[in-house]
Structures are given as C-alpha cells and as structure tokens.
Amino acid sequence: QSIQMDTEILSVKIGGKPLAYLEACPAKYYLKWIDRKGGIQCQPFRFKNVYSEEFANQFIRNAAGYRRKVYWDITQQWTINSEWLDDKVYAIYESIFTSPYLQLYDTELDKTFDVLLTDNAYTEKTYKNQKQLFNITLNLVASKNQNIYN
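The structure contained in this document is the topic of the report that follows. Just so you know, the residues in each chain are numbered from 1, in the order the chain's sequence is written. Two thresholds apply to this predicted model, a pLDDT of at least 70 for residue-level local features and 80 or more for giving and counting side-chain atom pairs, whereas whole-chain, interface and lining totals are computed over all residues. Calculation of side-chain values draws on the structure's entire complement of heavy atoms; hydrogens and water are dropped beforehand.

Here we come to the overall build of the protein. When you go through the protein residue by residue, the secondary structure sums to two helices and ten strands. When the helices and strands of the protein are listed from N to C terminus, the series reads β-β-β-β-β-β-α-β-β-α-β-β. In this scheme, a residue with accessible area under 20% of its type's maximum is buried, one over 50% is exposed, and one in between is partly exposed, where area comes from a 1.4 Å probe on protein chains only. Across the 150 residues in the protein, those meeting the buried criterion constitute 29%. In what follows, a contact means two residues having at least one pair of non-hydrogen atoms within 4.5 Å. In the protein, the share of contacts with a sequence separation of at least 24, taken over all contacts with a separation of at least 6, comes to 59%. Strands are runs of DSSP state E lasting at least 2 residues, helices are runs of H or I lasting at least 4, and numbering of each runs from the N terminus.

Ranked by internal contacts, the top residues of the largest apolar core, which has 20 residues, are L31, W78, I80 and L140. Every element with two or more residues in this core is listed here: strand 3 (29–34), strand 6 (67–81), strand 7 (102–106), strand 8 (111–117) and strand 9 (137–142). Discounting residues that sit within four places of it in the chain, L140 has contacts with L31, Q76, Q77, W78, I80, L102, L104, V115, L116, L117 and T118. By convention a nonpolar core is built from buried Ala, Val, Leu, Ile, Met, Phe, Trp, Tyr and Cys residues, the set being connected through side-chain atoms within 4.5 Å.

Below, the discussion takes up the pairing of strand 4 (residues 40–45). The pairing criterion is simple: DSSP has to find at least two bridges between the two strands. Here strand 3 pairs with strand 4 via six bridges, running antiparallel. If you follow Y30 over to strand 4, its bridge partner there is P44.

Phi angles above zero are rare outside glycine, and D110 is one such case at about 55 degrees. Summarising the element assignment, D110 is placed in the loop between strand 7 and strand 8.

What follows deals with the pattern of salt bridges. Two side chains bearing opposite charge may form a pair once their charged atoms approach each other closely. Salt bridges are identified by distance alone: a Lys or Arg side-chain nitrogen within 4 Å of an Asp or Glu carboxyl oxygen. Tallied over the full model, the rule gives four salt bridges. Taking the shortest distance from any N to any O, the salt bridge between R36 and E94 comes out at 2.7 Å. You can see R36 sitting in the loop between strand 3 and strand 4 and its partner E94 sitting in the loop between helix 1 (87–90) and strand 7, a full 58 residues away along the chain. By relative accessible area, R36 is classed as exposed at 58%. When the shortest N-O distance is used, the salt bridge between R46 and E83 registers 2.7 Å. One end of the pair, R46, is in the loop between strand 4 and strand 5 (50–61); the other, E83, is in the loop between strand 6 and helix 1, with 37 residues separating them in the sequence. Exposure remark for R46: the relative accessible area of 34% places this residue in the partly exposed category.

Its place among the elements puts S143 in the loop between strand 9 and strand 10 (146–149). Residue S143 is classed as partly exposed on the basis of its relative accessible area of 43%. In this structure the C-alpha to C-alpha distance between S143 and L117, which are 26 residues apart in sequence, comes to 9.4 Å. Setting aside chain neighbours within four positions, we find S143 in contact with D114, V115 and L116.

Here we come to the pairing of strand 7. Most of strand 7 is tucked away, with four of its five residues classed as buried. As paired strands, strand 3 and strand 7 are joined by five bridges and run antiparallel to one another. Of the residues in strand 7, the one forming a bridge with Y29 is D106. Sheet topology places strand 7 next to strand 8; four bridges connect them, and they run antiparallel.

See below:
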C-alpha cells in the first residue's frame, strides 16, 4: 500500500500505531554510518556547524613571464556538532570512528556527500566525568575532491 508523504501521514495508523513521525524542524546536517552490529545509524547535527573549502592550485607561465591559475583542487570540509546528549545516547556515536561508510546529508542543498572522518580519537563522555552537558564534535572531509581546469 502506498501513502503520499506529507503531514497527513501522522494521522495514518497501522495496527493502532502511527506509520511514521516526521521531524518538524530538520537539522542542517544528518550523518549516516554503519554501526558495529551492521545496522545503519542516522543522527542529526543541529548545533554550530561549519563548512569550509581548501584550495590547491597549479599555475602556468606564458612566454612573457606572466602566471595564471590553470587548475584548482578543492577539498570540502565540515565541522559538525550534535545536540546535547545523555550518557546512554552518546555511546551510539562511538561506532562512527570504526564505520567504513559515512555519508553527510545537507538538508538545505538536498545533497548527500560521501565523507571521511579526520578525527582519530574517541573519548567517552558522561555527566560524571564532564560535570556539564556535552555533545560530540566531528571533523569530516569529502572523500572525493572537486577539480576545476581552466
């Protein structure tokens, strides 16, 4: 049976339970990965997120000695932050560090990027060892660079 995806889906019930819950205010980024048991995890990253690009250039010099750029190798990078987490939920994020597969979904661009995690250390955080609320910050880089030739 097919059901059109819109806000009316909340009123559709199968076996007395709602078919799905739609998030009213989606996060800018969602990270998807394979956890240690082979399941797919997908979690929102709502807090301060930063997108940046790093450029590597090549130049050419003409016979008169003037140089100009002829090639750009662009590396896309993201720093993403989760919402505030509790002790039980934080453990779910540990499998990001061992996942062979990471995808970052940008809700504003409606685009998915294959990414690599550049962080190499995981520190278990709990309320007892932090004495404050905590979240997780991840540094990601696109698995494939953009290349521009001129």
